[in-house]
Amino acid sequence: MNHNKTISASISETNHAVQSLFNDYVVPTYGRFPLTIERGEGSQVWDVDGRRYLDMGGGIAVNALGHSHPELVETISNQAATLIHCCNLYHQPLQGQLARALVDRIGSGKCFFANSGAEANEGMFKLARKYGHEEGRYEILTCMQSFHGRTMACIAATGQEKVKQGFSPMMPGFRHVPFNNLEAMEKAISPSTVAIMIEGIQGEGGICSADPSYLIGLRSLCDKHRLLLLWDGVQCGHYRTGAFQSYSSILGDEENESAFLPDAISMAKSIGGGFPFGAFWVREPYQDILGPGTHGTTFGGNPLGCSIALKILEIIERDQLEQNVVEMGCLLANKLKGLVEKYPGLIQGIRGMGLMIGIVFHPEISALADDPRPVSLQMVERLHARGMLTIPSGIQVVRFLPALNITSSEVKEAISILNDTLESIES
Ligand SMILES: *Cc1c(COP(=O)(O)O)cnc(C)c1O
């Protein structure tokens, strides 16, 4: 017993030591949970104290194949031994292959490679401005509660006041309108408008899906006013909803889907499975608007990143993970619906598609009222205590964004942990 005590004391010292390095040396831009993750395998991670967690957050929809997937480890290691980086002054074998693989999955066009979601979105903004330049059109309309990244242009594009606070003046050329409101969008179009940008499912905004009729309506608005329709697929893309891009899942049938294709799509998060990687696809006939010298990035599309992204696509296809997302998403949603019925005093409902699911809690729960922090954060912490990672969104939503290869036993474990947590709050 004494022995155990010594171990646990020294173990929490490790955790403490890691956290004090952050406190002393890392710019405090994030509200971090007091958890120190040391390693991962599939959909499990372990903290420095050896405690295991089921990872239902997937690093915010990033770990497409879970942690340390053996084939990804092998790919990274082989490519690292072959060529990590060579810069975009030259050709290299993999970038064109990856661009073709993405084009095959979306439609005729071309791809540009970057390193993050914000950078992919920045590329689409530049595309739109270049497209409208000669006519003096530059304005991009986005939606309220949207999230598009943290760079200066991306916070200007984001329809949430909290990301802009303290950083004025905002970059001009962005305006926000209510989401899923076609009339408001149409009214907002001015002679300067050049593009509309939306997320298919607002992720940071609390897992809110666009309506099918909204998408079809936006497409015709854009056609009518010669606007580019820019699609931020950073969180909801890359098979997260069971299709490569979420508009296919939202629209359902093929007829609708072929009537709807954005003019450009940004990708990041899951595309690199944890390796920092981003891209945008741009549709024919706009694919050559950004010509030589107009845009660039040192690391974008480097051989290491491309090898990883290609391998992830190959594994998703080979292992039919598209189907797994649909099946596991259904299982998760059905079981969550059971919990909504069992705990009507705690959960208001669930939202989302495939493996992008939001649990909407009551914003005020009396058992949690002693703690002034939002219900979402308190829930996420209580789930940590029972061994599960999830992602908060706003004040009342907790997100599941797990690996695309999650198994049914892991889904059942997630539900059981959530059930136990809710039960302990109710009693
Ligand atoms: C995460 C996210 C971004 C920003 O991506 P970064 O890689 O953090 O720059 C942009 N748009 C959406 C919808 C996101 O979820």
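Residues numbered from 1 in each chain as written. Predicted model: local features only at pLDDT ≥ 70, side-chain atom pairs only at ≥ 80, totals over all residues. Heavy atoms only, no water.

### Here's the deal with the overall build of the protein
Using the following cut-off: Helix and strand definitions here come from DSSP, where helices need a minimum of 4 consecutive H or I residues and strands a minimum of 2 consecutive E residues; each element is numbered from the N-terminal end. Each radius of gyration is computed over the set of C-alpha atoms, and the globule rule expresses the reference value as 2.2 Å times the number of residues to the power 0.38. Under the scheme applied here, a residue whose accessible area is under 20% of the maximum for its type counts as buried, over 50% as exposed, and between as partly exposed, the area being computed with a 1.4 Å probe on protein chains only. Two residues qualify as a contact provided that any one of their heavy atoms is within 4.5 Å of a heavy atom in the partner residue. The charged-residue count follows a simple rule in which Lys and Arg add positive charge and Asp and Glu add negative charge, with His and chain termini not counted at all. By convention, the point assigned to a charge is CZ for Arg, NZ for Lys, CD for Glu and CG for Asp.
What the protein contains, in helices and strands, is 14 helices and 17 strands. Relative to the compact-globule value of 22 Å for 427 residues, the protein shows a C-alpha radius of gyration of 22 Å, a close match. Reported as C-alpha extents along the three principal axes, the dimensions of the protein are approximately 75 × 50 × 45 Å. Counting all 427 residues of the protein, 52% fall into the buried class. Within the protein, contacts between residues at least 6 apart in sequence are counted, and of these 70% link residues at least 24 apart. With 34 positive and 45 negative side-chain charges, the protein shows a separation of 3 Å between the mean positions of the two kinds.

### Overview of the sheet that holds strand E4 (residues 109–114)
Defined as follows: Here, any two strands with at least 2 DSSP bridges between them count as paired. To define axes, lines are fitted to C-alpha atoms, for helices over the stretch in contact only, and angles between the resulting N-to-C directions are given on a 0 to 180 degree scale.
Across the sheet, 7 strands lie side by side as E4-E12-E11-E10-E7-E5-E6; this open sheet has mixed pairing. Pairing within the sheet leaves two strands with one partner each, and these edge strands are E4 and strand E6 (174–177). Between one strand axis and the next, the sheet turns by 20 degrees as a mean value, whatever way the strands run. Relative to strand E7 (residues 193–199), strand E5 (residues 139–143) runs parallel, the two sharing 3 bridges. By the bridge assignment, glutamate 139 is partnered in E7 with threonine 193. Its contacts with the sheet put helix H4 (residues 93–106) on E4, strand E11 (264–267) and strand E12 (278–283), and the angle it makes with E4 is roughly 125 degrees. Sheet contacts for helix H5 (residues 117–132): E4, E5, E6, E7, strand E10 (228–232), E11 and E12; angle to E10, the most-contacted strand, approximately 175 degrees.

### Quick notes on the site of the ligand
The criterion, for reference: Summary of the distance rule: residues count as near a molecule or strand when at least one heavy atom falls within 4 Å of that molecule or strand. Whenever two N or O atoms come within 3.5 Å, that pair is a polar contact, provided that in protein one can donate a hydrogen and the other can accept it, and provided that, for residues adjacent in sequence, both atoms are side-chain atoms. For the accessible areas, the method is Shrake-Rupley and the probe is 1.4 Å, while residue cover comes only from the protein chains on display. Classification used: nonpolar for Ala, Val, Leu, Ile, Met, Phe, Trp, Tyr, Cys and Pro, charged for Asp, Glu, Lys and Arg, polar for all others including Gly.
Around the ligand sit Ser116, Gly117, Ala118, Asn121, Phe147, His148, Gly149, Glu199, Asp232, Val234, Gln235 and Lys269, and those are all the residues in its vicinity. Residue aspartate 232 places a side-chain N or O atom 2.8 Å away from a nitrogen atom belonging to the ligand. Against a free-state accessible area of 380 Å², the protein chains account for coverage of 81% of the ligand. No other element matches the 3 residues that H5 contributes to the shell around the ligand. For the shell around the ligand, the residue count by class is 3 nonpolar, 6 polar and 3 charged.

### Thoughts on the packing of aromatic side chains
Put simply, the rule is: Stacked, tilted and edge-to-face are the three classes applied to pairs of Phe, Tyr and Trp rings, where Trp contributes its six-membered ring and a pair requires centres within 6.5 Å; stacked means planes under 30 degrees apart, edge-to-face means over 60, and tilted covers the rest.
Applying the stated criterion to the full structure yields 9 aromatic pairs. With 5.3 Å between their ring centres and 85 degrees between their planes, tryptophan 231 and tyrosine 247 make a pair best called edge-to-face. Residue tryptophan 231 is located in strand E10, and its partner tyrosine 247 is located in helix H9 (residues 246–251); the two are separated by 16 residues in the primary sequence. Just as tryptophan 231 is buried, tyrosine 247 falls in that class too. Ring centres of tryptophan 231 and phenylalanine 260 lie 5.7 Å apart, and the angle between their planes is 70 degrees; this geometry places the pair in the edge-to-face category. Highlighted residues: tryptophan 231 in strand E10 and phenylalanine 260 in the loop between helix H10 (254–259) and E11, separated in sequence by 29 residues. Overall, tryptophan 231 belongs to the buried group, its relative accessible area being 0%.

### Section: the layout of surface pockets
Stated precisely, the cut-off is as follows: Both cavities and pockets are sets of points on a 1 Å grid over the protein atoms alone; in a cavity a 1.4 Å probe fits but cannot get out, in a pocket the set is open with protein on both sides within 12 Å along at least five of seven lines, and lining residues sit with an atom within 4 Å of a point. Grid points are joined across faces, edges and corners, and a volume is the space filled by probe spheres set on the points.
As a volume, the second largest pocket reaches approximately 530 Å³. Surrounding the second largest pocket, 20 residues form its lining, Cys111, Phe112, Leu290, Gly291 and His295 being those nearest its centre. At the level of secondary structure, the elements contributing two or more residues to the lining of the second largest pocket comprise E4 and E12. The element contributing the most residues to the lining of the second largest pocket is E4, with 4 residues.

### Considerations on the confidence of the model for the protein
The test is simple: Scored from 0 to 100, pLDDT records how confident the predictor is in each individual residue.
Averaged over every residue, the pLDDT of the protein is 96; residues scoring 70 or more account for 96%. pLDDT under 50 marks residues 1–6. Its contacts with residues more than four places away, or in other chains, come to 0 contacts.

### Side note on the environment of valine 26
As for its placement among the helices and strands, valine 26 is situated in the loop between helix H1 (2–25) and strand E1 (37–41). We classify valine 26 as partly exposed; its relative accessible area is 35%. Once you skip the residues sitting within four places of it in the chain, valine 26 turns out to touch Leu21 and Arg32.

### Things to note about the sheet that holds E1
Taking strand neighbours across the sheet as the criterion, the 4 strands line up as E1-E2-E3-E15 in an open arrangement whose pairing is mixed. A strand with exactly one partner marks an edge of an open sheet, and here the two such strands are E1 and strand E15 (388–389). Pairing between strand E3 (residues 52–55) and E15: 2 bridges, direction parallel. From the neighbouring strand, aspartate 55 faces E15, where its bridge partner is leucine 389. In the packing of helix H14 (residues 408–426) onto the sheet, contacts are made with E3 and E15, and the angle to E3 comes to roughly 110 degrees.

### Considerations on the pattern of salt bridges
Worth spelling out the cut-off: We count a salt bridge whenever a side-chain nitrogen from Lys or Arg sits within 4 Å of a carboxyl oxygen from Asp or Glu.
Throughout the structure, instances matching the rule amount to 17 salt bridges. The partner of arginine 137 in a salt bridge is glutamate 135, with the nearest N and O atoms 3.5 Å apart. Judged by relative accessible area, arginine 137 falls into the buried class, the value being 6%. With relative accessibility at 44%, the residue glutamate 135 sits in the partly exposed group.

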